[in-house]
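Chain residues, written in single-letter form:
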Amino acid sequence: MIKNIIFDLGGVIFTIDEKQAIRRFNEIGLKNAKDRLDPYRQSGYFGKLESGEISAEEFRRKLSEDIGHTVTFEDCRYAWTGYVKELPQTNLDKLITLHQEGYRILLLSNTNPFMMSWAESNDFDHHGHPLSFYFDATYKSYQLKTMKPDKSCFLYLLDHEGFTPEETLFVDDGPGNVAVASKLGLHTYCPANGTDWTKRIDDYLK
């Protein structure tokens, strides 16, 4: 019987627009943005930011060096939040409903301080609620110091929460992330980015 549901953020809670993110990084001066960005797992110093190996300030300085002029925290936030295409109200409503039905609702996301400066603000849902309003707990890669699909992400969360894999459903749009979770014994659901998962998820909870 499933008691816990772990959600990804980008591609599940909000729809990802990688092209928009590339355009925004291009706007602030990064000419090879297309080669630097990935919808599932970043690499280079972009990856080091999301794995917590470097700070937001260190990333900002490195990006400034690459571009050839100083970029601000706000510039970086503008570029990173280009990944956000839309945040469907139906997704947020479903999180609330699942919580009311007695499920423990968690977030496990490869993300960074720039994205979270938006997501954890009252601007997140346009109703004055931050991301954390919708979850019992949030686990973010840059704080965990590791990224999906590394199994350490899942093992840490399961151990910290006291979850058993058999009682836990993992929802992520990344096939590689879902594959690792499945090998660890979690139930999994891999909706494609931008699809409406809010009704189909009930089939996985039966």
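Here the residue numbers are simple positions, counted from 1 along each chain's written sequence. Only residues with pLDDT of at least 70 are given local features in this predicted model, and only at 80 or more are side-chain atom pairs given and counted; all residues enter the totals for whole chains, interfaces and linings. The side-chain quantities take in all heavy atoms of the structure and omit both hydrogens and water.

It is worth spelling out the overall build of the chain at this point. Of the regular secondary structure elements, the chain holds 11 helices and seven strands. Over its C-alpha atoms the chain spans a radius of gyration of 17 Å, differing by no more than 12% from the 17 Å that the globule rule assigns to 206 residues. Partly exposed describes any residue whose relative accessible area lies between the buried limit of under 20% and the exposed limit of over 50%, with all areas from a 1.4 Å probe on protein chains only and scaled to the type maximum. For the chain, the residues scored as buried account for 52% of the 206 residues in total. Every residue pair with non-hydrogen atoms within 4.5 Å of one another is taken to be in contact. Taking the contacts inside the chain whose residues are at least 6 apart along the sequence as the reference set, 68% of them involve residues at least 24 apart. Areas reported as accessible are Shrake-Rupley estimates using a 1.4 Å probe. Residue values count occlusion only from the protein chains shown. When the accessible surface of the chain is totalled, it reaches about 9,700 Å², and 48% of it is carbon and sulfur. Note that His is not counted, nor are the chain ends; the positive residues are Lys and Arg, and the negative ones are Asp and Glu. A single reference atom marks each charge: NZ on Lys, CZ on Arg, CG on Asp, CD on Glu. For the chain, the separation between the mean place of its 24 positive charges and that of its 31 negative charges on side chains is 4 Å. In DSSP terms, a helix is any run of H or I states spanning at least four residues, a strand is any run of E spanning at least two, and both are numbered starting from the N terminus. Only the C-alpha atoms count toward the radius of gyration. The rule for a globule is 2.2 Å times the residue count to the power 0.38.

Following the sequence through the fold, Leu 184 ends up in the loop between α10 (175-183) and β7 (187-189). Excluding residues that lie within four positions of it along the chain, Leu 184 makes contacts with Lys 151, Phe 154, Leu 155 and Pro 165.

Note on pairing: two strands pair once DSSP finds at least 2 bridges between them. Read across the sheet, five strands follow the order β5-β4-β1-β6-β7 without closing on themselves; strand pairing throughout is parallel. Edge positions in the sheet fall to β5 (137-140) and β7, since each has one partner strand and no second. The average undirected angle you get between the axes of adjacent strands in this sheet is 20 degrees. In the sheet, strand β4 (residues 104-109) pairs with β5 via four bridges, with the strands oriented parallel. Residue Leu 107 lies in a different strand from β5, and its bridge partner there is Thr 138. To define axes, lines are fitted to C-alpha atoms, for helices over the stretch in contact only, and angles between the resulting N-to-C directions are given on a 0 to 180 degree scale.

Before going further, it helps to examine the packing of aromatic side chains. Centres within 6.5 Å make a pair out of two Phe, Tyr or Trp rings, where for Trp the six-membered ring is used; the pair is then stacked when the planes are under 30 degrees apart, edge-to-face when over 60, and tilted otherwise. One pass over the structure, following the stated rule, counts 18 aromatic pairs. When the ring of Phe 7 is compared with that of Trp 197, the centres are 5.2 Å apart and the planes differ by 45 degrees; the resulting orientation is tilted. Of this pair, Phe 7 sits in strand β1 (residues 4-7) while Trp 197 sits in the loop between β7 and α11 (201-205), placing them 190 residues apart in sequence. Three or more aromatic residues link up through ring pairs in this structure, and these residues are Phe 25, Tyr 45, Phe 46, Phe 59, Phe 73, Trp 80, Tyr 83 and Phe 114.

Before going further, it helps to examine helix α6 (residues 89-100). What a helix is expected to span follows from its residue count: subtract one and scale by 1.5 Å. Its 12 residues give α6 an end-to-end C-alpha distance of 17 Å, which sits within 8% of 16 Å, the value for a rise of 1.5 Å per residue. Listed as buried for α6 are Asn 91, Leu 92, Lys 94, Leu 95 and Leu 98. The arc that holds the buried residues of α6, viewed along the axis, is 160 degrees, so those residues lie on one side. The inward-facing, buried residues of α6 contact β1, β4 and α11. Note that the arc is defined by the directions from the helix axis to the C-beta atoms.

Moving on: the pairing of strand β6 (residues 168-171). Side-chain direction in a regular strand flips from residue to residue, so the side chains alternate between the two faces of the sheet. Alternating positions in β6 separate into two faces, Thr 168 and Phe 170 on one and Leu 169 and Val 171 on the other, with burial throughout. Looking at chain direction, β6 and β7 are connected through three bridges and run parallel. By the bridge assignment, Leu 169 is partnered in β7 with His 187. Viewed with both strands pointing away, a crossover whose connecting path from the first strand over the helix to the second turns clockwise is right-handed. Note on the crossover from β6 through α10 to β7: the handedness is right-handed.

Let's shift gears to helix α5 (residues 73-80). Regarding α5, the residues found buried are Cys 76, Ala 79 and Trp 80. An end-on view of α5 places all buried positions within 95 degrees of arc, on one side of the element. Of the surrounding elements, those touching the buried residues of α5 are α1 (18-27), α3 (44-50), α4 (56-67) and α7 (113-119).

Another point: the side chain of Ser 109. Relative to the helices and strands, Ser 109 is located in strand β4. Note on Ser 109: relative accessible area 3%, which makes it buried.

So yeah, pure geometry; function would need other evidence.
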